[in-house]
Amino acid sequence: MEWFEDWFNSAYYHLLYSHRDEEEANQFMQNLLTKLAPSPQSKILDLACGKGRHAQFIATKGFDVIGIDLSENSIAEALLKSSANLQFFEHDMRFPFRINYFDYVFNLFTSFGYFNNQRDEINTIKSIALDLKPKGMVVIDFFNASKVIQMTAKCSEQKVIDGIEFEWKKSIINKNVIKEINVNDAGVVHHYKEQVRLLELVDFENYFAQAGLKLVATFGDYSLAPFDVTTSERLIMIAQKQAL
């Protein structure tokens, strides 16, 4: 089992990140929709959708939305949000889902770079391209690797949530941000890991080129300010599938 299959399917993962800012996420979604201006008939894929909060927000705007995620537990909860124009499925992003079906694919909040090799990353980008209609667009929201390198050193933090103790150590090893997580639940200690590759814009451009996608825009934060490699918190990319 790869680390993300274990950790993302754990109740402790959802507990640790339960503080995530819903208002900020919804504002980001609204900013993207305003920028992209999808037609009312657009079909949108939320790739690595988690519990479906972003897919649900997009669906409230009237679009047909599908969310997919590898985590069985996340999809089970997301299915509770299902509606006439909102569906969820358990699926591995490394493989195509519905070929030539979507007008837009959203991959949000650093839901990429989890794999141990470039082959899986390239296969994911190629699968996105296959899922898109010609001229369709993908939005990938990733961290700014340069900023992460500036900010990250070997460090440890602790937090107690609902009586459960979390302790984690973060470091950079071989171009990966590694977060080792220990969870103490009533004296029983569980060990988990997060690992994200420090991918830069040039890496994504290379992947896009291999998949028949062309980068058309970059932004540096959730308000869609211009991307600056030294100061931006995020690397938000829009790429378009090239017509055959």
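For the structure, check the block above.
These lines cover the structure that appears in this document, whether it is placed above or below. No experiment lies behind these values; they were computed from the predicted model shown. (Residues numbered from 1 in each chain as written. Predicted model: local features only at pLDDT ≥ 70, side-chain atom pairs only at ≥ 80, totals over all residues. Heavy atoms only, no water.)

**Considerations on the packing of aromatic side chains**
Right, so step 1: Under the defined criterion, the tally for this structure stands at 21 aromatic pairs.
Right, so step 2: Between Phe8 and Tyr13, the ring centres sit 4.8 Å apart and the planes meet at 50°, which makes this aromatic pair tilted.
Right, so step 3: Given a relative accessible area of 16%, Phe8 falls into the buried group.
Right, so step 4: Residue Tyr13 is classed as buried on the basis of its relative accessible area of 14%.
Right, so step 5: Pairing Tyr101 with Phe102 gives two aromatic rings, centres 4.9 Å apart and planes at 75°, and the pair type is edge-to-face.
Right, so step 6: Among the residues examined, Tyr101 registers a relative accessible area of 28% and is labelled partly exposed.
Right, so step 7: Every member of this aromatic cluster is reached through a ring pair, and the members are Trp3, Phe4, Trp7, Phe8, Tyr12, Tyr13, Tyr17, Tyr114, Phe115 and Tyr192.
Right, so step 8: Sitting over the face of the ring of Trp168, Lys179 holds its NZ or CZ atom 4.8 Å from the ring centroid. (Phe/Tyr/Trp six-rings, centres within 6.5 Å; stacked < 30°, edge-to-face > 60°. Buried < 20%, exposed > 50% of the residue type's maximum accessible area, 1.4 Å probe, protein only. Lys NZ or Arg CZ within 6 Å of the ring centre and 35° of its normal.)

**Focus on helix α8 (residues 201-211)**
Right, so step 1: Those residues of α8 not exposed but buried are Asp203, Phe204, Tyr207, Phe208 and Ala211. Across the axial projection of α8, the buried residues extend over an arc of 135°, all falling on one side. Among the exposed residues of α8, those pointing more than 90 degrees away from its buried face are Val202 and Ala209.
Right, so step 2: On its buried face, α8 is in contact with α6 (118-131), β5 (132-143), β9 (188-197), β10 (213-219) and β11 (234-241).
Right, so step 3: Phi turns positive one or two residues past the end of α8, at Gly212, with a value near 75°. (Helix = DSSP H or I, 4+ residues; strand = E, 2+ residues; numbered from the N terminus. Arc of directions from axis to C-beta. Contact = heavy atoms within 4.5 Å.)

**Digging into the sheet that holds β9**
Right, so step 1: The antiparallel open sheet is built from 4 strands, whose spatial order is β6-β7-β8-β9. Where the open sheet ends on each side, the last strands, each with one partner, are β6 (155-161) and β9. Adjacent strand axes in the sheet meet at a mean angle of 20°, parallel and antiparallel pairs treated alike.
Right, so step 2: As judged from the 7 bridges shared by β6 and strand β7 (residues 164-173), these two strands associate in the antiparallel manner. Within β7, the residue paired with Lys159 across the bridge is Phe166. (Pairing = 2+ DSSP bridges. Axes fitted to C-alpha atoms, helices over the stretch in contact; angles between N-to-C directions.)

**Concerning the side chain of Asp120**
Right, so step 1: You can see Asp120 is positioned in helix α6.
Right, so step 2: Overall, the relative accessible area of 10% leaves Asp120 in the buried class.
Right, so step 3: If sequence neighbours within four positions are ignored, Asp120 has contacts with Arg94 and Phe115.

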